[in-house]
Amino acid sequence: MNALYLHVPFCPSICPYCDFHKMLRHEGLVARYLDRLEEEIHHYARLYPGPLRTVYLGGGTPSHLSDAELTRLLGAIDGAWGRQGRVETTLEADPLTFDRERLALFASLGVDRLSIGLQSTQDDVLRYLGRVHDGAQGLEAVASALESGMRVNVAVMTSMEGQDLARDLGAVAETGAGHVSVYSLTIEENTPFGRRGYQVDEELDATAFELTGAVLSGYGLEHYEVSNHAVPGQESQHNLSYWRGDYYLGLGPSASAYLPSHGPFGARVKQPPIKGWLAGAAPEVDVLDADSFILERLLTGLRTRAGIDTASLAARSGASLEEVAAAWLHDTTRHGLLRQEGALLTATPTGLQRLDAVMRAFVGSRRPVAAVSRS
Ligand code: SF4
């Protein structure tokens, strides 16, 4: 257990496409949030003393916390686990929430990586997304973060009508950021965009995926996970632990964790939204069995260029992929979606693009591990 995700749900404004657990802040609420979070930190640090390799403050907009609030929060983490052994501390940040002085404060608190929600460099696209910064402000924020010596991820959104994606990606890569994460706009029903009936053009979405890989690889940013591109050595160590299937802690309202408890395959634990979480309501616990363990390993492992070691998956789950899903393995490798080299199973570039369909086919054709052991 060496990775910690901490959810900070407060944002300076609410974007109309967003379905994360987020809200506008008010002083009383933030103070109660920090009180409860400190209790949670102490509780989990007693159970899982670390040391922590990675800490990720996500949200919401963690950089929207004041200097004093961030100092208190990161101080509580340091007090509980220390900083020894830490290789990465990431803070998600909105471009308008920091300047040089604040960057120095972040660094003094142990933050060494910023994930900046830029989304686009084009003012009309940013207005459509309801973002409060403009293109120039976003790029200036990225430049000043890099100048301060932080490692930087820039988050870019694709698949909006009227967006010149190549221009966005080129402008981001030109800043010298070592990591770019690229997600397509998805319309969720429970958001203002969903209620307005907005839709994403599927063709635009498919071309965006190909264009993204082509533009970013030209700048030395390698496509190491479906949505993530990095200069070698700048991959997100925290996210790699999710994709490898490692256990991790998740604290704060609506945060998810994967804990080594409740049996040999561990349990997914999800904290309640803020009201219940502040009142100390119990988290939801989903105990994994051999079948859900295999499914989760495929879902996360196949997203990455590193793929999956099928031999250790079989040793852990008690059944090989050949026994669980022979036809699926055969079809996906024959159609050039997956590649098998010895024990290593990876998605091809085409497979990466169609990973949802690949995984739906797996779910529709697999045999339960219990049935394998009986036969
Ligand atoms: S800033 Fe991020 S978390 Fe907050 S509303 Fe916008 S997209 Fe959602």
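**Student:** Help me out: how do you make sense of the environment of Arg72 in this one?
**Tutor:** Along the polypeptide, Arg72 turns up in helix 2 (residues 67–81). Considered as a pair, Arg72 and Leu109 are 37 residues apart in the sequence and their alpha carbons are 9.7 Å apart. Apart from the residues lying within four places of it in its own chain, the contact partners of Arg72 are Ala31, Leu34, Asp35 and Glu38. Only 3.1 Å separates the side chain of Arg72 from the side chain of Glu38, close enough to count as a polar contact.

**Student:** Looking at this structure, how should I read helix 15 (residues 355–365)?
**Tutor:** Along an α-helix, a turn takes 3.6 residues, which lines up residues three or four apart on a common side. When we look at burial in helix 15, the residues that qualify are Leu355, Val358, Met359 and Phe362. Along helix 15, the residues classed as buried sweep out an arc of 90° about the axis, all on the same side. Exposed and facing more than 90 degrees away from the buried side of helix 15 are Asp356, Arg360 and Gly364. Those residues of helix 15 that are buried are in contact with helix 11 (290–301), helix 13 (321–334), strand 16 (338–341), strand 17 (344–347) and helix 14 (349–353).

**Student:** Would you take a moment to explain the site of the ligand for this structure?
**Tutor:** Taken together, Cys11, Ser13, Ile14, Cys15, Tyr17, Cys18, Phe20, Lys22, Gly60, Thr61 and Arg131 form the complete shell of residues around the ligand. When the residues that make up the shell around the ligand are grouped by side-chain class, the tally is 6 nonpolar, 3 polar and 2 charged.

**Student:** What is the right way to look at unusual backbone geometry in this model?
**Tutor:** Apart from glycine, the bulk of residues carry a negative phi angle, and the bulk of peptide bonds sit in the trans form. A cis amide bond, omega 5°, links Gly50 with the succeeding residue Pro51. Locating Pro51 in the fold gives a position in the loop between helix 1 (27–47) and strand 4 (54–59). A cis geometry characterises the amide bond from Gly59 onward to Gly60, with omega recorded as 20°. Residue placement: Gly60 occurs in the loop between strand 4 and helix 2. We note that His262 has phi near 65°; this positive angle belongs to a residue other than glycine. Note on placement: His262 falls in the loop between strand 12 (256–259) and strand 13 (267–270).

**Student:** What am I meant to see in the side chain of Glu69 here?
**Tutor:** Secondary-structure assignment places Glu69 in helix 2. The class for Glu69 is buried, based on a relative accessible area of 11%. Side-chain polar atoms of Glu69 contact the side chain of Arg25, separated by 2.8 Å. The residues contacting Glu69, other than those within four sequence positions of it, are Arg25, Glu27, Val30 and Leu34.

**Student:** Could you clarify how one ought to interpret the side chain of Thr332 in this entry?
**Tutor:** When you line up the elements, Thr332 lands in helix 13. Thr332 sits in the buried class, given a relative accessible area of 5%. A polar contact of 3.3 Å, which involves the side chain of Thr332, links it to the backbone oxygen of Leu329. For Thr332, the residues in contact, after removing those within four places along its chain, are Leu337, Leu338 and Val358.

**Student:** When you look at the nonpolar core in this model, what are you seeing that I'm missing?
**Tutor:** Residues Leu6, Tyr33, Leu73, Ile77 and Leu114 are the most contacted members of the largest nonpolar core, which totals 61 residues. Residue contributions to this core peak at 8 residues, all from helix 1. With residues near it in sequence (within four places) discarded, Leu114 still touches Leu91, Ala93, Phe98, Leu103, Phe106, Ala145, Met150, Arg151, Val152 and Asn153. With 31 residues, the next largest nonpolar core counts Leu321, Leu337, Leu338 and Leu355 among its residues.

**Student:** How should the packing of helix 1 against helix 2 be read in this particular structure?
**Tutor:** Packed helix pairs are characterised by how far apart their axes lie and by the angle those axes make with each other. At a closest axis distance of 9 Å, the pairing of helix 1 and helix 2 adopts a crossing angle of 10°. Judged on the interaxial angle alone, helix 2 and helix 1 are roughly parallel. Taking contact as the criterion, the partners of Glu27, Val30, Ala31, Tyr33, Leu34, Asp35, Leu37, Glu38, Ile41, Tyr44 and Ala45 in helix 1 are, on helix 2, Glu69, Arg72, Leu73, Ala76, Ile77, Ala80 and Trp81. Residue composition of the contact of helix 1 with helix 2, grouped by class: 13 nonpolar, no polar and 5 charged.

**Student:** Would you mind going over the sheet that holds strand 17 with me for this structure?
**Tutor:** The strands making up a sheet associate through backbone hydrogen bonding, with each pair oriented either parallel or antiparallel. Sheet architecture is open: 3 strands sit in the order 15-17-16, paired in antiparallel fashion. Each edge of the sheet is formed by a strand with only one pairing partner; in this case those strands are strand 15 (308–309) and strand 16. Bridging between strand 15 and strand 17 involves 2 bridges; their strand directions are antiparallel. The partner of Ile308 across the bridge, within strand 17, is Leu345.

Rules used throughout
Residues numbered from 1 in each chain as written. Predicted model: local features only at pLDDT ≥ 70, side-chain atom pairs only at ≥ 80, totals over all residues. Heavy atoms only, no water. Helix = DSSP H or I, 4+ residues; strand = E, 2+ residues; numbered from the N terminus. Contact = heavy atoms within 4.5 Å. Polar contact = N/O pair within 3.5 Å; in protein donor to acceptor, adjacent residues only side chain to side chain. Buried < 20%, exposed > 50% of the residue type's maximum accessible area, 1.4 Å probe, protein only. Arc of directions from axis to C-beta. Near = heavy atom within 4 Å. Nonpolar A, V, L, I, M, F, W, Y, C, P; charged D, E, K, R; others polar. Core = buried A, V, L, I, M, F, W, Y, C linked by side-chain atoms within 4.5 Å. Axes fitted to C-alpha atoms, helices over the stretch in contact; angles between N-to-C directions. Parallel < 35°, antiparallel > 145°, perpendicular 65-115°, else oblique. Pairing = 2+ DSSP bridges.

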